[in-house]
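# Results of the structural survey
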Amino acid sequence: MITRLGIAGTATARDEVLSRLRGSGRILVIALPVARLLAGLVALGAVAAAGIGGYWLAAGTEAVERLWVPSAETAPADAVVDMPELVVNLRRDTPSRFLKIGLSLTVANRDRQTLERAMPQLTDSLQEFLRNLDQDDLEGSAGLYRLRSEIRRRFNLILSDPAGRRDVVTDVLLRSLLTQ
């Protein structure tokens, strides 16, 4: 319609489209998107209800009730325990000869005394591990991540009881790290 008619043809085409929208076409232009939106909201509500119902059948009433309890009430704050700073010799074949490190350990409040009782074993294990490192093991953020992960793994092996499967040390924080 709009091709070859020029400016007058454009005006008549526009008037024709507007006249269609003034009648029953206007209702369809508004009603169909609103109907689709409502159908989508109903479907989303049905999926959410089915998910919660399935979880309720699988886990039980208490588990569903715990979904709505704020997490600050269920989990007490963690405690941070500082370890003494250590200065150790690195392996002989590295350009850096010494490593000074200060660590803080994050544990649950109920495990704080267990950690403090085991502090001599943890310090000994940490010294043994650090003496086998070289400077390349500490390079970059990936090296520091591996160092923290390995220390956490070793400490949890020392602190865990044979029956329990949970980690006592939840995080290892580096307070200071210096190689020379």
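Preceding block: the structure.
Before going into details, it helps to say that this report is about the structure given with it. What you see is a predicted model, and the numbers here were worked out from it, not measured in a lab. All chains use their own residue numbering, which begins from 1 and follows the written sequence. Per-residue local features of the predicted model are confined to residues with pLDDT of at least 70, and side-chain atom pairs are confined, for both listing and counting, to 80 or more; whole-chain, interface and lining totals are unaffected and use all residues. Side-chain descriptors were evaluated using all non-hydrogen atoms of the structure, hydrogens and water having been removed beforehand.

## Overview of the overall build of the chain
Strands here are runs of E lasting at least two residues and helices are runs of H or I lasting at least four, both read from the DSSP assignment and numbered beginning at the N terminus. Regarding its fold elements, the chain presents seven helices and four strands. Tracing the chain from N to C terminus, the helices and strands come up as α-α-α-α-β-β-β-α-α-α-β. A simple rule labels every residue: compare its accessible area, found with a 1.4 Å probe on the protein chains alone, to the largest value its type can have, and call it buried under 20%, exposed over 50%, or partly exposed in between. Considering the chain as a whole, with its 180 residues, one finds that 25% of them fall into the buried category. Residue contacts are counted whenever heavy atoms from the two residues lie within 4.5 Å of one another. Across the chain, contacts joining residues at least 24 apart in sequence account for 65% of those joining residues at least 6 apart. With the model as given, the accessible surface of the chain reaches about 12800 Å², and the carbon-plus-sulfur share is 59%. Note on areas: Shrake-Rupley, 1.4 Å probe, and residue coverage restricted to the protein chains presented here.

## Topic: the pairing of strand E3 (residues 98-108)
Summarising burial for E3: nine of the 11 residues are buried, a large majority. When DSSP finds at least two bridges between two strands, those strands are taken to pair. Of the pairings in the sheet, the one linking strand E1 (residues 78-82) to E3 comprises five bridges and is antiparallel in character. Directly across from Asp78, in E3, lies its bridge partner Ala108. Pairing geometry for strand E2 (residues 86-89) and E3, over four bridges, is antiparallel. Within E3, the position partnered with Val87 by the bridge is Lys100.

## Brief notes about helix H7 (residues 140-159)
One fewer than the residue count of a helix, multiplied by 1.5 Å, yields its expected span. Taking 1.5 Å of rise per residue, the 20 residues of H7 would be expected to cover 28 Å, and the 29 Å separating its terminal C-alpha atoms lies within 8% of that figure. For H7, the full list of buried residues reads Gly143, Leu147, Ile151, Phe155, Asn156 and Leu159. Residues of H7 that are buried make contact with E3, helix H5 (112-117), helix H6 (119-130) and strand E4 (169-179).

## Examining the environment of Leu138
On the secondary structure map, Leu138 appears in the loop between H6 and H7. Leu138 gets classed as buried once you look at its relative accessible area, which sits at 11%. Sequence separation of Leu138 and Leu177 is 39 residues, and the distance between their C-alpha atoms is 9.7 Å. Ignoring anything within four residues of it in the chain, the contact list for Leu138 reads Leu99, Leu133, Gly143, Leu144, Leu147 and Thr179.

## What about the side chain of Asp111?
By secondary structure assignment, the location of Asp111 is in the loop between E3 and H5. Taking relative accessible area as the criterion, Asp111 reaches 5% and is therefore assigned buried. In this view, Asp111 contacts Arg166 and Val168; residues no more than four positions away in its chain are not counted.

## Here we look at H6
Under the 1.5 Å per step criterion, the end-to-end length of H6 is 16 Å for 12 residues, consistent within 8% with the ideal 16 Å. Taken residue by residue, H6 has Met119, Leu122, Thr123, Ser125, Leu126, Phe129 and Leu130 as its buried positions. Buried residues along H6 cover an arc of 165° about the axis, so they all sit on one side. Among the exposed residues of H6, those oriented more than 90 degrees off its buried face are Pro120 and Glu128. It is the directions from the helix axis to the C-beta atoms that the arc portrays.

## Things to note about the pattern of salt bridges
For this document, the term salt bridge refers to a Lys or Arg side-chain nitrogen within 4 Å of an Asp or Glu carboxyl oxygen. Taken as a whole, this structure holds seven salt bridges when the rule is applied. Across the pair Asp171 and Arg148 runs a salt bridge whose closest N-O atoms are separated by 3.0 Å. Remark: Arg148 occurs in helix H7 and Asp171 occurs in strand E4; sequence separation between them is 23 residues. Across the pair Arg152 and Asp167 runs a salt bridge, and its minimum N-O distance is 3.8 Å. On the criterion of sequence distance, the pair formed by Arg152 in helix H7 and Asp167 in the loop between H7 and E4 is long-range, its members being 15 residues apart. Because the salt bridges share partners, they merge into one network encompassing Glu150, Arg153 and Arg154.

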